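For reference, the chains in residue letters:
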Amino acid sequence: MWFRRDLRLADLPALQAAAAEGRRVVPLFVVDPAFERSGHPRRAFMADCLRALDESMGGSLVYRHGDPAQVVPALAAEVGALDVFVTRDYGPYGRARDAAVGAALGRAGARLHGIGTPYAVPPGDVNKADGTAYAVFTPFSKMWRAHGWGAPSGTTDVEWFGAPDVPCDGPPARPATNAVLPAAGERAAHRRWDEFLPAVGDYRDVRNLPASDGTSRLSAALRWGLLHPRQLLADLLPQPGHDTFASELAWREFYADVLFRRPDSASSNLNARMAAMAVDTDAAAHERFRRWAAGTTGYPIVDAGMRQLAASGWMHNRVRMLVASFLVKDLHLPWQWGARHFMRHLVDGDLASNSHGWQWTAGTGTDAAPYFRIFNPTTQALRFDPDGDYVRTWVPELAGIAGGAVHEPGARRPPDYPQPMVDHAVERDEALHRYRQVSVGSR
Ligand SMILES: Cc1cc2nc3c(=O)[nH]c(=O)nc-3n(C[C@H](O)[C@H](O)[C@H](O)COP(=O)(O)OP(=O)(O)OC[C@H]3O[C@@H](n4cnc5c(N)ncnc54)[C@H](O)[C@@H]3O)c2cc1C
């Protein structure tokens with residue numbers, strides 16, 4: 001059993017299949033050199049989750065470092081395994097890697113079995129009647145619910161054959177990070193869900209308020225497969241807050257589906273027409289990017305979000321949308337710059353949700369948010385952080401300004417906090433001007 005984005009033991013179909021196939025199961029994790037491209041907070045969290053997984057199997061987890069296409073067949077040959085089980089991966093890198101590993105195993109007379117997925121419904125399985133994909137979320141989510149999913153299963157009885165009987169490299173190095181990470185491992189994820197579940201009824205009302213603890217904070221757990229969405233969906237009731245929560249899980253599945261069908265959309269505009277949009281990439285643009293990333297734009301809600309990201313490896317969804325909109329429509333920078341920064345810092349960094357969260361905001365992706373709908377950071381802040389509590393938590397320079405006045409660009413500011421780096425009204429007009437040029441040009 002080769003673990004990847006499924007660092008748990010319960011409700012894991014690939015592990016069940018492995019246990020059913022052989023008497024003993026060798027648990028493997030490959031420390032792939034490709035991981036070095038990922039951000040430190042995410043890799044640190046992965047290392048913590050692996051330690052928890054290893055503990056939950058009595059220290060049997062076998063680590064091997066190197067290219068999976070070499071390491072996996074080598075271990076299979078060493079232990080005499082003819083069948084290697086994995087949860088299927090749908091990302092562009094994972095698919096190419098698994099094709100290479102499957103071919104290498106095949107040459108050695110063994111087989112790679114992809115069983116189960118990280119999603120309630122496998123990407124590619126929700127289709128219109130004519131077999132084509134949904135380009136828009138709402139009809140996708142209706143068909144996704146109609147498709148349905150099985151009930152979660154429990155923990156599999158497994159006889160492990162691993163460390164120390166099987167030779168093993170060390171666990172992956174845990175890179176240094178200043179971010180305070182969430183509790184790692186399958187048990188911690190279930191504890192968080194048990195704590196959050198009684199509050200799901202309020203989710204619809206509070207999920208947009210970044211100062212409240214109104215969301216599950218399970219995105220990193222889902223990213224690493226500490227739990228499966230099926231397990232969460234099974235606990236939901238036919239009630240408003242519960243339905244909204246299921247819808248958010250459906251967004252995750254929608255974006256995985258879009259990326260699966262269009263792997264190029266990880267870094268290119270899904271909507272090719274928007275490639276003509278003028279973006280700034282000169283030295284001044286790099287300086288604007290630096291201020292955005294550092295959380296010193298002078299727009300308190302944007303700065304609070306960027307500092308929450310740096311300090312915790314997570315940012316509230318409403319604020320992710322606001323900082324993304326600010327980068328694209330107030331600073332006129334390529335969304336890819338922001339997406340790359342997010343991937344470097346997010347513990348839940350996931351190519352599908354991140355690239356398409358950015359493209360949704362940039363108006364280049366699935367067509368729910370047209371480009372000309374531009375967030376005003378100040379009115380959004382007054383609406384969703386009316387008392388200013390979120391901003392004061394993350395921007396200590398503004399701690400002395402009471403209530404929602406903290407968001408007002410015209411308000412007196414302490415000398416250690418910058419004036420707004422751009423005028424939103426001016427940049428909004430500039431963004432619309434650029435958009436009109438694309439619209440006219442494409443006729
Ligand atoms: C620009 C941008 C970038 C994003 N990048 C990522 C990313 O790299 N990884 C990631 O997991 N989410 C990403 N999101 C989606 C969303 O912001 C996070 O999933 C959410 O904030 C995580 O907090 P939570 O677990 O408390 O969410 P909850 O509100 O409790 O939602 C439950 C789960 O549903 C899923 N979900 C919720 N909203 C979305 C959404 N809009 N899109 C996709 N899935 C969603 C997540 O798995 C989440 O854990 C991004 C959104 C934007 C606007």
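Here the structure is a predicted model, which is why all the values come from computation and not from measurement.

The rules we used
Residues numbered from 1 in each chain as written. Predicted model: local features only at pLDDT ≥ 70, side-chain atom pairs only at ≥ 80, totals over all residues. Heavy atoms only, no water. Phe/Tyr/Trp six-rings, centres within 6.5 Å; stacked < 30°, edge-to-face > 60°. Buried < 20%, exposed > 50% of the residue type's maximum accessible area, 1.4 Å probe, protein only. Lys NZ or Arg CZ within 6 Å of the ring centre and 35° of its normal. Near = heavy atom within 4 Å. Polar contact = N/O pair within 3.5 Å; in protein donor to acceptor, adjacent residues only side chain to side chain. Helix = DSSP H or I, 4+ residues; strand = E, 2+ residues; numbered from the N terminus. Nonpolar A, V, L, I, M, F, W, Y, C, P; charged D, E, K, R; others polar. Domains from an automatic or database assignment. Buried area = accessible area lost by both parts, 1.4 Å probe. Salt bridge = Lys/Arg side-chain N within 4 Å of Asp/Glu carboxyl O.

Visitor: Looking at this structure, I do not really get the packing of aromatic side chains. What am I missing?
Guide: What describes a pair of aromatic rings is the distance from one ring centre to the other and the angle between the planes of the rings. Within the structure shown, the criterion is met by 22 aromatic pairs. The interplanar angle of 35° and the centroid separation of 5.7 Å between the aromatic rings of Phe254 and Tyr255 together place this pair among those described as tilted. Assigned by exposure class, Phe254 and Tyr255 land together as buried. Through a chain of ring-to-ring contacts, the aromatic side chains of Phe137, Phe140, Trp251, Phe254 and Tyr255 assemble into a single cluster. The ring of Trp2 carries the charged tip of Arg4 above its face, separated from the ring centre by 4.4 Å. Sitting over the ring of Trp314, Arg217 keeps its end group 3.8 Å from the ring centre.

Visitor: Would you mind going over the site of the ligand with me for this structure?
Guide: Inspection of the region around the ligand gives 27 residues, with Tyr203, Thr215, Ser216, Arg217 and Asn317 positioned closest. Tyr203 has a polar side-chain atom sitting 2.5 Å from an oxygen atom of the ligand. In this structure, an oxygen atom belonging to the ligand sits 3.0 Å away from a main-chain N or O atom of Ser219. Those elements that provide at least two residues to the shell around the ligand are α8 (219-223), α10 (240-261), α13 (317-330) and α15 (351-362). A per-element tally of the shell around the ligand places α10 first, with six residues. Here the shell around the ligand is built from residues that sort into 13 nonpolar, eight polar and six charged.

Visitor: Is there a simple way to explain the domain arrangement of the protein chain in this structure?
Guide: Interface size is commonly expressed as the accessible area that is lost once the parts come together. Split into domains, the protein chain comes out as domain 1 (2-116), domain 2 (119-150 + 187-261) and domain 3 (272-441). Once you take the C-alpha centre of each, domain 1 and domain 3 turn out to be 38 Å apart. Taking both partners together, domain 1 and domain 3 bury about 550 Å²; carbon and sulfur atoms supply 56% of that area. At the surface where domain 1 touches domain 3, the tally comes to one salt bridge. The residue Arg5 makes a salt bridge to Asp350 at a minimum N-O spacing of 2.8 Å. Linking domain 1 with domain 3 are two residue pairs in polar contact (both at pLDDT 80 or more), by the criterion used here. Its residues assigned to classes, the side of domain 1 that touches domain 3 shows three nonpolar, two polar and two charged.

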